[in-house]
Amino acid sequence: MIKDQLSKGEIIAKRDEVTYLFSYGNNQASILHLEARVLSTPMHPDAFLKMGYWEDYTGGVDLEAVIPTLRLETESGELVAINKPNTDRQCFVFRQSPNDQKALFAEIEKGRLRQGWSFAEGLSLLNGKDLFIQTFEQVTAQWDAVKQWGTLSRMLNIKPGDYIVVPKQPDTKHFTIMQAKLREDGLDCYDFIEPLKGTNDYRHVIHIDQSSIQVVHYEAMYPAVIKRLLKSIAYSSPINVVRKKGFKEAIHTLMIEVEKTELKQAHPLQAKMKEVEKRLYHEWVEEARNLTPSDFEKVVKSFMEANGFTIKRANQYDRLGGDIDLKCSKEVLLHTPFEPSTMEVTYYIQVKKHKGITGATGVNQLNQMVDHLPHENGKHVQKILLSLADDFSDECKKLAEESEVLLIDGVTFAEMYVKSGE
């Protein structure tokens, strides 16, 4: 936040001699705690005005003197000096829908990184958690509103200069790196604007520095830690915070030290080695298809155990079409600074020993089963359809995106299995 941009705001209401309502304009405001020299997390002014008694402000506060001393409260509760530069860059993996890939990348080139789950006006994150959840539940019952807030609200913590990595943009052979910047009013990197043309979604926006945009071919020469993480199950949410130091350092190196034109194309040696790898993975898949269904399920079970997952149950049915081949769990790091530092994620996996194309049946089986299972409060769920098939049908991909099912095809699993050392 820049001091002269903040100084364009004004106090519009008063609660007592040390508590004021400060408006930035553009339908955003903060509570100004004068004694503590703190501005609360920005929200819509109406959200504050509903919180008890306010009276008209008639003057008395020297904003010109006060503003340079203020700290801003972030969504995570951190207090940040308004003029403090971002010297410790965060790193985010930001996954977009493949359905509107071309239009979404055109927006990136214009400096707007868009995200979905914003199919109604009241779903702005700037309105706060309670209003977001209330609006989300009014609009749809298809997804968990609390979970969506927990994921999407990470955008509120993005600061100018932070690195953002978008897999499979502008196409499946590339990923794109960029840096966040403040929007025009200088208050935040996050914004809630008109929907993407031709849709009623993608209103969530992170403003980005267009000069920082770097497209990278998956087979270019760069540290392997980047590719491993981008393919990881742990980073499959729409917004992911990356805390691995090696990954952040690798992204920083790509941004400042590597010749950009070299990154857009596959490196000849890398491309040749990739073809060798692909042949090996295809051979692995062909051999795995010769196993019985139960034996292949044992292979998947062994892979999960070797990678730190606890097996809870196998082969669960509900006699109504629901089917889960494997239920397991793992403690993962939280993506917020709040305690506890880890949370347990439950994974429901449907395994298919298919050839060719896998249809939507597996996704329907997962959804049918998981939707009717009792869930403990605070438990997080990841549904996975793992198939030895070469690909998934368009219907399957669409349903998987809508119901948050992670799809893993045969070659992808072969690569995961081989590189895990199992």
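For the structure itself, look to the data block above.
Calculation notes
Residues numbered from 1 in each chain as written. Predicted model: local features only at pLDDT ≥ 70, side-chain atom pairs only at ≥ 80, totals over all residues. Heavy atoms only, no water. Helix = DSSP H or I, 4+ residues; strand = E, 2+ residues; numbered from the N terminus. Buried < 20%, exposed > 50% of the residue type's maximum accessible area, 1.4 Å probe, protein only. Contact = heavy atoms within 4.5 Å. Areas by Shrake-Rupley, 256 points an atom, 1.4 Å probe, with all protein chains shown as cover. Expected span 1.5 Å × (residues − 1). Arc of directions from axis to C-beta. Phe/Tyr/Trp six-rings, centres within 6.5 Å; stacked < 30°, edge-to-face > 60°. Core = buried A, V, L, I, M, F, W, Y, C linked by side-chain atoms within 4.5 Å. Pairing = 2+ DSSP bridges. Axes fitted to C-alpha atoms, helices over the stretch in contact; angles between N-to-C directions. Parallel < 35°, antiparallel > 145°, perpendicular 65-115°, else oblique. Left-handed = near helix turned anticlockwise from the far one by under 90°. Nonpolar A, V, L, I, M, F, W, Y, C, P; charged D, E, K, R; others polar. Patch = residues over 30% accessible without salt bridge, like charges linked within 9 Å, V, L, I, M, F, W, Y side chains within 5 Å. Salt bridge = Lys/Arg side-chain N within 4 Å of Asp/Glu carboxyl O. Lys, Arg positive; Asp, Glu negative; His and termini not counted. Charge placed at Lys NZ, Arg CZ, Asp CG, Glu CD.

1. Focus: the overall build of the chain
So, point 1. Looking only at helices and strands, one finds 14 helices and 22 strands in the chain.
So, point 2. Across the 422 residues in the chain, those meeting the buried criterion constitute 48%.
So, point 3. If you take every contact in the chain between residues at least 6 apart in sequence, the share linking residues at least 24 apart comes to 63%.
So, point 4. Of the roughly 21,100 Å² of accessible surface on the chain, a fraction of 50% belongs to carbon and sulfur atoms.

2. Comments concerning helix α8 (residues 245–256)
So, point 1. The terminal C-alpha atoms of α8, which comprises 12 residues, lie 17 Å apart, in line with the 16 Å expected from a rise of 1.5 Å per residue.
So, point 2. Here α8 has its buried residues at F247, A250, I251, L254 and M255. Burial along α8 is one-sided: seen end-on, the buried residues are contained in an arc of 135°. Of the exposed residues in α8, the ones pointing more than 90 degrees away from its buried face are K245 and I256.

3. Points about the packing of aromatic side chains
The relation between two aromatic rings is expressed through the spacing of the ring centres and the mutual angle of the planes.
So, point 1. Summed over all chains, the structure comprises 15 aromatic pairs.
So, point 2. Plain terms: the ring middles of F22 and Y24 are 5.3 Å apart, the flat faces sit at 75° to each other, and that makes the pair edge-to-face. As far as the burial class goes, F22 and Y24 line up, both buried.
So, point 3. Here F119 and F136 contribute two aromatic rings whose centre-to-centre distance is 5.7 Å and whose plane-to-plane angle is 50°, an arrangement assigned as tilted. Of this pair, F119 sits in the loop between β9 (112–115) and α5 (129–139) while F136 sits in helix α5, and the two are 17 residues apart along the sequence.

4. A few points about the nonpolar core
So, point 1. Ranked by internal contacts, the top residues of the largest apolar core, which has 34 residues, are L113, M155, I164 and I206.
So, point 2. Of all elements in the fold, only β8 (91–94), α4 (101–109), α5, α6 (145–152), β10 (163–166), β12 (190–192) and β15 (239–242) reach the threshold of two or more residues within this core.
So, point 3. With 25 residues, the next largest nonpolar core counts V299, M304, C328 and V332 among its residues.

5. A few points about the sheet that holds strand β13 (residues 204–207)
So, point 1. Strand order in the open sheet made by the 3 strands is β9-β13-β12, with antiparallel pairing throughout. Because the sheet does not close on itself, it has two edges, and the strands there are β9 and β12. The average angle at which neighbouring strand axes cross in this sheet is 30°, direction not considered.

6. Things to note about the sheet that holds β10
So, point 1. Pairing within the open sheet is mixed, and its 5 strands lie in the order β14-β11-β10-β8-β15. Each having just a single partner strand, β14 (214–217) and β15 make up the two edges of the open sheet. Each neighbouring strand pair of the sheet contributes to a mean axis angle of 25°, computed without reference to strand direction.
So, point 2. As paired strands, strand β11 (residues 174–179) and β14 are joined by 4 bridges and run antiparallel to one another. Pairing of H174 across the sheet is with H217, part of β14.

7. Brief notes about the packing of α5 against α6
So, point 1. One way to put it is that α5 packs onto α6 with a least axis distance of 9 Å and a crossing angle of 130°. One way to sum up the angle between α5 and α6 is to call them oblique. As for how α5 packs across α6, the hand of that crossing is right-handed. Taken together, the residues of α6 that come into contact with α5 (itself represented by K129, F132, I133, F136 and E137) are A145, V146, Q148, W149 and L152.
So, point 2. Residues that form the contact of α5 with α6 fall into these classes: 7 nonpolar, 1 polar and 2 charged.

8. Considerations on a negative patch on the surface
So, point 1. Together, D16, E35, E55 and D56 make up a region of like negative charge exposed at the surface.
So, point 2. Along the chain, E55 falls in strand β5 (residues 55–56).

9. Things to note about the side chain of T358
So, point 1. With respect to the helices, strands and loops of the structure, T358 is situated in strand β19 (residues 357–358).
So, point 2. Taking the relative accessible area as the measure of exposure, T358 reaches 1% and is therefore buried.
So, point 3. Non-local contacts of T358, meaning those with residues more than four positions away in its chain, are made with L385, S387, A389, D391, F392, S393 and C396.

10. Quick notes on the environment of K244
So, point 1. Relative to the helices and strands, K244 is located in the loop between β15 and α8.
So, point 2. The sequence separation of K244 and L229 amounts to 15 residues, and the corresponding C-alpha distance is 9.3 Å.
So, point 3. If sequence neighbours within four positions are ignored, K244 has contacts with L229 and Y235.

11. Some words on unusual backbone geometry
So, point 1. Here Q169 and P170 are connected by a cis peptide whose omega angle stands at 10°.
So, point 2. Within the secondary structure layout, P170 lies in the loop between β10 and β11.
So, point 3. In this structure, E404 takes a positive phi of about 55° despite not being glycine.
So, point 4. In this structure, E404 sits in the loop between α13 (394–402) and β22 (405–408).
So, point 5. By relative accessible area, E404 is classed as partly exposed at 24%.

12. Remarks on the pattern of salt bridges
So, point 1. In total, this model carries 17 salt bridges according to the counting rule given.
So, point 2. The partner of E219 in a salt bridge is K227, and the shortest N-O contact between them spans 3.1 Å. Each member of the pair, E219 as well as K227, carries the same accessibility label: buried.
So, point 3. In this structure, K298 engages D295 in a salt bridge whose closest nitrogen and oxygen atoms are separated by 3.9 Å.

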